[in-house]
Amino acid sequence: MPSVDRQSLVFFIIMFIFLTLPNGQDQPHSYQERQTLTMFQKSITENQKALANREYEQGYGNLTGFLLSYDDMKSGKKEEDWPLHNYKETPWIEDEKYSLLPNVISDKVKSFWGNDKVDLNNENELGYLFNISGRLEGKFKKNNERSKQIEKFPLKLPKYLRDYFESINSGDGIIDDGNNDGSNDRKVDEIINKVGNLTFDEGKIVVSIKSMDYNYKNPEILKHIKTPEDKVDDAVIVELKMNLMDESETSKNEISTYGVYFQDSGSLISITNSGKFAGHLGAPSLTMNERNFGVSKKIISQYLNGTSLEEQISMDDMNNFIVQSFEQCEFINYFQLEKTEFSIKELKEIDEELVNPSGKPISKNKPKIKINEMLLYSPDCGIVIEDSKVEGEKSEIVTIRFRHVFMGFLVIIVLQLYLFLDQIEKSKTPGQLSNISSLTLYILQYQDALIALTFLIVSTIFEKIYLLLVTIAIVTYIMCGIFEMGFLTQVIKTQMNERGTSWWEILRSSTARNNENSESSPNEDGTPATTDNPATPATPTQPTPIIDNDDANVWNGIFAPGFAITIISTFLILNSSMWRKSYRKTFEMVGLTLLNSYWIPQFFRNTLKNRKTPFDLKFVLGTTILRLIPIYYVNLFPTPFNHERNQNFVIFITVYVFLQLSLLYLQNFNPRFWINDKWLPKAYNYHPIINLNDLEHYGSDLLSSVNIESDDMDETVIKTDCAICMNDINLPIFKNKTKKVPKDYMVTPCFHIFHSECLEDWMKYKLQCPICRNGLPPM
Amino acid sequence: MPQITPIKGFINTPVTKKVVIFSTIITILVSIFQIKYLFTLSIDPLILEYNQFWRILTFQLSVINESDYLLTMILWFHFKNLERFYGSQKYLSLILILSIYNGVVTFLIMSLGQLLINFIDYFILTTFKLNGYTYFTTILNSIVPGPIGILSSLYICFGTYIPISYQFKILLSNPFKNNQENHSNSKELLLTDHFQIHILYTLLLFNNGFKSFVPSLIGLFIGKLYTSELLPGSKSWLLPTTLFKIFINPFKILNNIINLIRRRFNGYQSINQIIDDEDQNEESNEREEIVDDMRNNESEIRAETPVRPLASQFLDTFRTRGD
């Protein structure tokens, strides 16, 4: 069966994609690669070891990117001549003569960064936040004046990496073979499209911080702590990702950095790391004073020893390092947090309660992460950003808000499930099922499938509320995959057999029908089919017999394409969150408008069937409102989703949906109120007037029982059996045309005669002729 | 599937059915919404420091681990015999009364017990002139949440009121070996049809160590008091019928209310139907009242029966008369 094949095909394709995804790491292939990798690994571990033994007065040591001081660079000294200074006689100090930072920058940093210290042992003092994991947003402005004062600091890859890079690139043919070192350098330097090389002066900055726990609480680092002095309880390692974008979000610059957060002074330094700039190892020397240096040296070397082991550094890491050094500007960032209005004790309690809730009463307004001042300095791109403020909620608080939102969402889903079950319970007869538009159900089901799949995917990312998300996914899946699917299968099965007016006929009938009618009527004048049903002279015969209309086939036919479309659109939706603002907004509005058009097909279906809406009022209203609530919430209220508010769209969608509802409501009075009767083919007439001439259609039994004696009379009565109740039917036969319409018997298109009551009762259950099983047009 | 209880499924035991459903829903929601911490009870710091006295009411509502859930559910399922014995309304009232008594007594014993242990410690230290007394939390500080006390009390009721329907012996020695000699009693195990409940209850008793031991013992004590009719108010109090109906069938009540409102707005209705509805309600109310009266009378008659052993004569002086 083709449908089953398609279904399994989808599964195979997905399986194939999963199986062929590259797994594991790239292995070194050539001698040169292996040699470079060994050298790279060695240099990293050596530098790590050197960091552990470094003192503040000794400067940076032999670190990539830190060999020259700002002064050295300006005076044109070369890296090859390192070491240039002898720190034994004159200790290293934070000055452009020895330091990477120009004095303009370091003076500015010193003016705001880490100056207001608190005593962490004094619990009643107001303190800085301890855990600063969260997402912060703000506006930034480039300080072009200051960046004019400083020179760009060209950073170069170490020789062995550059050689390696050239060798692979020349092999690929990207760079011409004839290029020598000099031109290569120029080429490398000329890349302006570097990430972080901002072409706009102001824009939006999003900072997401992931703060690690104290070193003695981290199982990976714990084994590197041997003495009590190795414990650090006033500073933590942070992972900081910042995204600098312009207002329209066309250019996004995502830069990931590592750094140290000093909890006693609320100061945070973070730095990039790449093949040309060993930022992580250099960071301790950039912390402005010896005490900070000591603390950050300790935790950074512990962290690096715990996480990046020599044998774990792979080809991929090295390649990334190299690629990053070409594609990204290096950044040294200083952030200063605002002091909270909470004492140190309260802050600790709040942190504890947020992570492990025990019912402890904590203050309602939780502290926000506020960065008061910051300085982002890129030595190689010569960019300075300062005096910007960003703020945001702690990630635990965001998680709690998400949980509340999703709890509400779960309630909505459960209510919708109830409404569906109620509706399914109420519409069981074919008569009702044939009036339901399958497209309406398709759209509703598609919405639910999207929700189920999205939540399933998101649950793997959001592990803190995993259970809640999975519950939503499962409940939604049960609703759409089992109940709605079953309902839709029933509807489609019922409508498979049906023959009646179709859209095509409506469209055609407005022009072609009249011609057809005028041609056909003289020929077949007198037959019951044509006198009352001129539009479909040929079709009242049989619908093409459907051989396998069992549930499984219908189900497969819906499931396979539905599943594929849902997967594709889920990924499209998830992907769209990364698009630029205007695209994203348009996509969202168009998508939501289409998804909320679910009553329109039902409206047309009602018109087609000339029936009022088969759905319950409760279902129609409930579904509409339940499906509007999330749109209202996201567009009107401050949500944890970082979604722009958009009142106009809310108004539009409300009007749009209620317009559909009002159309459905008007159909209660006349389902075809908006359409001219003349455009439509008439429904099959079950109460035709039987003429003597037509009797041949009804078979020999009936014909033989005609009483010829009453020949002279205008009207004869024939008795025949009703196959349902086995009682007699009195059939009046007219010789001439009359206006009198008999109502007590019904004639099917296949010319079988039943009592009106009997057949109507039967038609509630099945639209098939009880005698010959041909399809029956609905009444 | 073999039937594990004499009553098949939840036939005519609506209270048990609802209790099982509600406990399951609450437990699942507690787990999904990650609000387990709202159902724990500990004296220090939750009560002493934060004054969260509402925990005395909530801690019996939900269990917070899977094995507890399983054991309590199976026990509730077995105790549906008690619902048949008491009648649904009385059974629900009994559960409510037991939950109130258990909550309060557990709380009192936990707090007073902890105080007492601390006091004893202080007393010993001062009498021996030792320094260094500091307040400490004891094993009575926290208990496991869940309806463990209620189930313990019901366990006593079960043992007292539900008759044993059969007994069976498990021979631990070969019966054909020494056919002539009498079987010694030590080599056979006499079990009744209650044995599974004993096993399940014992598991529940020890499931959380001391944390489940304390509420279980208190529950057993209260159950004993109840069966010897020493628990004030427990014999006579009945939950109001409306509340009982809301508990048994909340949706029906909701539907009735909606219909009532709809009737108000929809204009006319057939008179017969209303009268029928009201009649039925009144009749059933009356019938229940009659049954209650009869029950009270019976208990009075039973109290007047002359044969009373000495112990019960003593106890009768403390017994409360249900009126």
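Bear in mind that the values here come from a model prediction, so they are computed numbers and not experimental data.

(A) Spotlight on the overall build of chain B. Per the secondary structure count, chain B includes 13 helices and four strands. Across the 323 residues in chain B, those meeting the buried criterion constitute 35%. Residue pairs in contact within chain B that sit at least 24 positions apart in sequence constitute 76% of those at least 6 positions apart. For chain B, the accessible area works out to roughly 20,200 Å², and carbon and sulfur atoms hold 64% of it.

(B) Just the packing of helix H7 (residues 148-161) of chain B against helix H9 (residues 210-227) of chain B, in detail. Residue and element names in this part refer to chain B. Running from N to C, H7 and H9 point in directions that differ by 40°, and their axes come no closer than 7 Å. By the angle class used here, H7 and H9 are oblique. Between H7 and H9 lies a crossing whose hand is right-handed. Residue-level contacts link Ile148, Gly149, Ser152, Ser153, Tyr155, Ile156, Cys157, Thr160 and Tyr161 of H7 to Ser212, Pro215, Ser216, Gly219, Leu220, Ile222, Gly223, Lys224, Tyr226 and Thr227 of H9. When the residues that make up the contact of H7 with H9 are grouped by side-chain class, the tally is nine nonpolar, nine polar and one charged.

(C) Main features of the interface of chain B and chain A. Counting residues at the interface gives nine residues for chain B and 13 residues for chain A. Applying the counting criterion to the chain B and chain A interface returns zero salt bridges. Inspection of the chain B/chain A interface yields four residue pairs in polar contact (both at pLDDT 80 or more). For the side of chain B that touches chain A, the per-class residue count stands at five nonpolar, three polar and one charged.

(D) View of the confidence of the model for chain B. Overall, the prediction assigns chain B a mean pLDDT of 83, with 81% of residues at 70 or greater. For this predicted complex, the interface confidence reaches an ipTM of 0.77, while the overall pTM sits at 0.78.

(E) Highlighting the packing of helix H13 (residues 395-426) of chain A against helix H16 (residues 466-496) of chain A. Residues and elements named next belong to chain A. Closest axis-to-axis distance for the H13/H16 pair is 10 Å, and the angle between their directions is 15°. One element, H13, and the other, H16, form an angle in the roughly parallel class. The way H13 lies across H16 gives a crossing that is left-handed. A breakdown of the residues in the contact of H13 with H16 according to their chemical character gives 17 nonpolar, four polar and two charged.

(F) Just the packing of aromatic side chains, in detail. All names here are of chain A. For the structure on display, the rule yields 46 aromatic pairs over all chains. Arranged with centres 5.4 Å apart and planes meeting at 75°, the rings of Phe40 and Phe321 form a pair that is edge-to-face. Taken together, the residues span a long stretch of sequence, with Phe40 in helix H2 (residues 31-52) and Phe321 in helix H11 (residues 315-327) at a distance of 281 residues. Look at Phe321 and you get partly exposed, because its relative accessible area is 21%. Considering the side-chain rings of Phe402 and Phe462, the 5.1 Å spacing of their centres and the 75° angle between planes classify their relative orientation as edge-to-face. Remark: Phe462 occurs in the loop between helix H15 (438-461) and H16 and Phe402 occurs in helix H13; sequence separation between them is 60 residues. By relative accessible area, Phe462 is classed as partly exposed at 23%. In textbook terms, an aromatic cluster arises when at least three aromatic residues are bridged by ring pairs, as seen for Tyr56, Tyr60, Phe66, Trp92, Phe277 and Phe293. Over the face of the ring belonging to Tyr583 we find Arg580, whose NZ or CZ atom lies 4.9 Å from the ring centre.

(G) The arrangement of the side chain of Thr607 of chain A in detail. Relative to the elements of secondary structure, Thr607 of chain A occurs in helix H21 (residues 599-609). Excluding residues that lie within four positions of it along the chain, Thr607 of chain A makes contacts with Gln667, Pro671, Arg672, Trp674 and Ile675 of chain A.

(H) Just the environment of Leu129 of chain A, in detail. Among the structural elements, Leu129 of chain A can be located in the loop between helix H4 (103-112) and strand E1 (134-141). Among the residues examined, Leu129 of chain A registers a relative accessible area of 2% and is labelled buried.

(I) Region of interest: unusual backbone geometry. In this chain, Asp44 of chain B is followed by Pro45 of chain B through a cis amide linkage whose omega measures 10°. Of note, Asp387 of chain A is a non-glycine position whose phi angle comes to about 55°, a positive value. Even without being a glycine, Asn642 of chain A presents a positive backbone phi close to 55°. With respect to the secondary-structure elements, Asn642 of chain A resides in the loop between helix H22 (617-636) and helix H23 (647-666).

About the criteria used
Residues numbered from 1 in each chain as written. Chains lettered and ligands numbered in written order. Predicted model: local features only at pLDDT ≥ 70, side-chain atom pairs only at ≥ 80, totals over all residues. Heavy atoms only, no water. Helix = DSSP H or I, 4+ residues; strand = E, 2+ residues; numbered from the N terminus. Buried < 20%, exposed > 50% of the residue type's maximum accessible area, 1.4 Å probe, protein only. Contact = heavy atoms within 4.5 Å. Areas by Shrake-Rupley, 256 points an atom, 1.4 Å probe, with all protein chains shown as cover. Axes fitted to C-alpha atoms, helices over the stretch in contact; angles between N-to-C directions. Parallel < 35°, antiparallel > 145°, perpendicular 65-115°, else oblique. Left-handed = near helix turned anticlockwise from the far one by under 90°. Nonpolar A, V, L, I, M, F, W, Y, C, P; charged D, E, K, R; others polar. Salt bridge = Lys/Arg side-chain N within 4 Å of Asp/Glu carboxyl O. Polar contact = N/O pair within 3.5 Å; in protein donor to acceptor, adjacent residues only side chain to side chain. pLDDT = per-residue confidence, 0-100. Phe/Tyr/Trp six-rings, centres within 6.5 Å; stacked < 30°, edge-to-face > 60°. Lys NZ or Arg CZ within 6 Å of the ring centre and 35° of its normal.

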